[in-house]
Amino acid sequence: ATRTFDVVVVGAGPAGSAAAMEAARAGLSVALVERGPFPGAKNVYGGVVYGRILDELIPRWWERMPVQRWVTRRSTMVMTPSQALTVDFRTEDWGRPPYNGATAFRADLDGWLAEQAVEAGAVLVTSTVVTGLLKDASGAVAGVRTDRPDGDLTARVVIACDGVNSFLAKEAGMFPDEHQAEHLTLGVKQTLALPRETLEERFAISGRDGVDIEMLGCTRGIPGGGFLYTNLESVSLGVVLGLTGVREAKTRPEEILAELKRHPAIAPLIRGGEQIEYSAHLIPEGGYRSMPELAGDGILIAGDAAAMCLAAGIWLEGVNFALGAGMYAGRAAAAAIGAGDTSRRGLSGYRKLLESSFVLADHRRLRDFPGLVLSDRMQRNYPGLVCDLVQGMFQVDNPRPKPGLRRLLRRSARDNGVRLRDLVRDSWTGMRGL
Ligand code: FAD
């Protein structure tokens with residue numbers, strides 16, 4: 001028998017749970033359908049959640065969210081095979097309410113978010129794969145087909161939150177051109193267990209404080225970057241690599257990760273760490289320019305399914321965008337259903353909500369940023385330039401007199417194949433982007 005809901009949300013990741021929460025709170029009947037045996041079962045990310053958007057969804061979320069550590073130290077490391085320059089920042093402000101970022105395990109986080117949706121009244125259906133869209137005579141989306149016998153679910157609005165490479169967005173014809181490989185990166189990650197005291201000593205933290213390190217120049221020139229995050233008794237270490245770059249370099253992501261683990265700046269941090277998890281997942285890195293249409297007749301797309309991940313190699317924000325987009329999708333669905341118009345036009349409030357929030361505003365502002373961070377110069381030339389420049393500044397070469405900064409810069413640029421003109425232009429793009 002077909003079951004009927006006001007809203008069917010596909011995928012119980014952060015986007016899906018936020019959408020289900022918001023729609024259920026508006027008094028709608030909501031099904032949240034997840035293919036995994038439980039929410040977060042197979043979901044992968046680096047490990048840091050920026051929770052600010054939760055203020056609106058779950059007041060005082062920090063008292064209840066399953067957190068490993070609060071990120072009070074953020075570092076960016078620019079490296080070559082034998083050098084590393086780190087910009088390291090810490091603040092006590094991020095270690096107390098309302099906090100900034102936290103490390104958390106996906107199974108804990110996704111499970112907790114889905115629980116909030118269920119508490120709001122949504123029905124969570126696990127171990128169920130959505131296999132297609134139901135359409136009415138006019139071609140409008142009218143529900144979903146699942147892999148269960150008699151598993152059709154009809155709905156006035158379907159919210160597709162099925163993650164990167166969304167099969168539903170494609171089936172609805174929302175991605176005009178095939179999602180291209182150049183917009184995708186592959187993330188591989190290892191979680192390494194360390195005794196708590198060892199970890200806290202190595203990373204100079206205590207209590208529930210945590211560290212987030214992002215790295216540039218550790219991918220053999222393949223567009224991408226690395227990350228290292230501290231959990232309570234483990235670290236998550238990974239690399240993110242452009243799919244096309246990996247293919248061209250004829251190497252395996254595991255090799256790049258193994259190389260990073262041997263790097264002189266990283267090896268001492270993870271020494272003795274025992275692997276407790278290894279995972280890999282795709283990331284949509286194309287940003288604003290690669291997004292599909294966000295609303296169609298009877299359907300909305302949110303989160304990674306709509307390429308809303310802001311990931312430029314070293315920069316990985318996705319959960320916050322997914323939560324925000326899901327929340328606005330739930331809200332827009334409720335408004336459209338309330339007004340009796342769930343056509344593309346009736347659902348167009350979704351885009352407006354996104355445009356006036358950080359979700360699309362940040363993406364629009366940073367639309368050139370992924371291109372810059374993933375560019376050849378940024379990946380192959382600048383890490384060497386920066387490291388050589390700093391090495392030159394810090395190196396004491398007496399009795400020869402110290403070269404001036406301008407000479408050092410010229411020399412480092414020349415040695416690393418950088419034209420100063422490009423450097424100035426890229427710095428400007430970077431500054432503008434930030
Ligand atoms: P997902 O989390 O992918 O959830 C999609 C859900 O849909 C899944 O539960 C899946 O099982 C389900 N599903 C899919 N298809 C179907 C179907 N047909 N039927 C039923 N269910 C289905 N973001 C951050 O904020 N911080 C980070 O540190 C970070 N690091 C990352 C590191 C790596 C290596 C990777 C890969 C990603 C990282 N991201 C990070 C990005 C982040 O993981 C995503 O942006 C975020 O998970 C998107 O949420 P979502 O709900 O849109 O999709």
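These numbers were taken from a predicted model, which means no experiment stands behind them.

Student: If you had to explain the side chain of Asp-212 to someone new, which residues and values would you point to?
Tutor: You can see Asp-212 is positioned in strand 12 (residues 209–216). Asp-212 sits in the buried class, given a relative accessible area of 0%. Every residue in contact with Asp-212, bar those within four places of it in the chain, is listed here: Val-48, Tyr-50, Val-71, Arg-73, Arg-74, Ser-75, Leu-228 and Tyr-229.

Student: Could you give me a rundown of the site of the ligand, with the residues and numbers involved?
Tutor: Near the ligand lie 33 residues; those nearest to it are Glu-34, Gly-46, Val-48, Arg-106 and Asp-304. Taking Val-44, its main chain carries an N or O atom lying 3.3 Å from an oxygen atom of the ligand. At 2.7 Å from a nitrogen atom of the ligand is found a main-chain nitrogen or oxygen belonging to Val-48. A total of 1,000 Å² of accessible area belongs to the ligand in isolation, and the protein chains cover 97% of it. Using a 2 Å cut-off from the grid points, one finds that the ligand occupies the largest pocket. Those elements giving two or more residues to the shell around the ligand turn out to be helix 1 (14–25), strand 15 (274–284), strand 19 (316–317) and helix 9 (319–339). Partitioning the shell around the ligand into residue classes produces 16 nonpolar, 11 polar and 6 charged. When residues of the shell around the ligand are sorted by domain, at least three fall in each of domain 1 (3–67 + 102–179 + 289–365) and domain 2 (182–284).

Student: Please provide a residue-by-residue account of the nonpolar core, values included.
Tutor: Core analysis: the largest hydrophobic core is formed by 94 residues, its most contacted members being Val-7, Ile-159, Leu-300, Met-308 and Tyr-350. With 13 residues, helix 9 is the largest single contributor of residues to this core. Both domain 1 (3–67 + 102–179 + 289–365) and domain 3 (375–433) contribute no fewer than three residues apiece to this core. Dropping the residues within four chain positions of it, Ile-159 is found in contact with Val-7, Val-8, Val-9, Val-10, Ala-19, Leu-300, Ala-329, Gly-330 and Ala-333. One finds Val-164, Leu-186, Leu-199 and Phe-203 within the second-largest nonpolar core, a separate group that totals 29 residues.

Student: An account of the pairing of strand 2 (residues 30–33) is needed here, citing residue identities and associated values.
Tutor: Regular strands place side chains that alternate from one sheet face to the opposite one. Residue alternation in strand 2 divides its side chains into two sets, Val-30 and Leu-32 and Ala-31 and Val-33, and both sets are buried. Here 4 bridges tie strand 1 (residues 3–10) to strand 2, and the two strands are oriented parallel to one another. Directly across from Val-10, in strand 2, lies its bridge partner Val-33. One crossover worth recording links strand 1 to the parallel strand 2 by way of helix 1, and it is right-handed. With 3 bridges connecting them, strand 2 and strand 7 (residues 123–125) associate as parallel partners. Directly across from Leu-32, in strand 7, lies its bridge partner Leu-124.

Student: Give a detailed account of the domain arrangement of the chain, specifying residues and quantitative values.
Tutor: As far as domains go, the chain holds domain 1 (3–67 + 102–179 + 289–365), domain 2 (182–284) and domain 3 (375–433). Computed over C-alpha atoms only, the centres of domain 1 and domain 3 are separated by 44 Å.

Student: An account of the pattern of salt bridges is requested, with residue identities and associated values reported.
Tutor: For the coordinates displayed, the defined rule picks out 28 salt bridges. A salt bridge links Arg-73 to Asp-88; its shortest N-O distance comes to 3.0 Å. On the criterion of sequence distance, the pair formed by Arg-73 in strand 4 (residues 69–80) and Asp-88 in strand 5 (residues 83–90) is long-range, its members being 15 residues apart. Using a relative accessible area of 42% as the deciding quantity, one classes Asp-88 as partly exposed. Two residues, Arg-196 and Glu-200, come together in a salt bridge whose shortest N-O distance is 3.0 Å.

Student: Mind laying out the packing of aromatic side chains, listing which residues take part and the relevant values?
Tutor: Scanning the model with the defined rule gives 7 aromatic pairs in all. For the ring pair Phe-227 and Tyr-229, a centre distance of 5.2 Å and an interplane angle of 20 degrees mean the geometry is stacked. With relative accessibility at 4%, the residue Phe-227 sits in the buried group. Taken together, Trp-61, Trp-62, Trp-70 and Tyr-99 form an aromatic cluster joined through their ring pairs. Of note, Arg-106 hangs over the ring of Tyr-45, and the distance from its end group to the ring centre comes to 5.1 Å.

Student: Give me the lowdown on unusual backbone geometry, citing residues and values where you can.
Tutor: Cis rather than trans, the peptide bond between Pro-97 and Pro-98 has omega equal to 5 degrees. Here Pro-98 shows up in the loop between strand 5 and strand 6 (101–103). Look at Tyr-99: it is not a glycine, yet its phi comes out positive at around 65 degrees. Here Tyr-99 shows up in the loop between strand 5 and strand 6. The exposure class of Tyr-99 is buried, given its relative accessible area of 15%. For Ser-127, which is not a glycine, the phi torsion comes out positive at approximately 50 degrees. Examined against the element boundaries, Ser-127 turns out to sit in the loop between strand 7 and strand 8 (130–135).

Student: Account for the pairing of strand 11 (residues 184–193), naming residues and giving values.
Tutor: Most of strand 11 sits out of view: 9 of its 10 residues are buried. The pairing of strand 11 with strand 15 spans 10 bridges and is antiparallel. Bridged to Leu-184 within strand 15 is Pro-284. As paired elements, strand 11 and strand 14 (residues 234–242) share 9 bridges and run antiparallel to each other. Paired with Leu-186 across the bridge in strand 14 is Leu-241.

Calculation rules
- Residues numbered from 1 in each chain as written.
- Predicted model: local features only at pLDDT ≥ 70, side-chain atom pairs only at ≥ 80, totals over all residues.
- Heavy atoms only, no water.
- Helix = DSSP H or I, 4+ residues; strand = E, 2+ residues; numbered from the N terminus.
- Buried < 20%, exposed > 50% of the residue type's maximum accessible area, 1.4 Å probe, protein only.
- Contact = heavy atoms within 4.5 Å.
- Near = heavy atom within 4 Å.
- Polar contact = N/O pair within 3.5 Å; in protein donor to acceptor, adjacent residues only side chain to side chain.
- Areas by Shrake-Rupley, 256 points an atom, 1.4 Å probe, with all protein chains shown as cover.
- 1 Å grid on protein atoms, 1.4 Å probe; cavity = no way out; pocket = protein on both sides within 12 Å on 5 of 7 lines; lining within 4 Å.
- Sits in = over half its atoms within 2 Å of the grid points.
- Nonpolar A, V, L, I, M, F, W, Y, C, P; charged D, E, K, R; others polar.
- Domains from an automatic or database assignment.
- Core = buried A, V, L, I, M, F, W, Y, C linked by side-chain atoms within 4.5 Å.
- Pairing = 2+ DSSP bridges.
- Right-handed = clockwise from strand over helix to strand, strands pointing away.
- Salt bridge = Lys/Arg side-chain N within 4 Å of Asp/Glu carboxyl O.
- Phe/Tyr/Trp six-rings, centres within 6.5 Å; stacked < 30°, edge-to-face > 60°.
- Lys NZ or Arg CZ within 6 Å of the ring centre and 35° of its normal.

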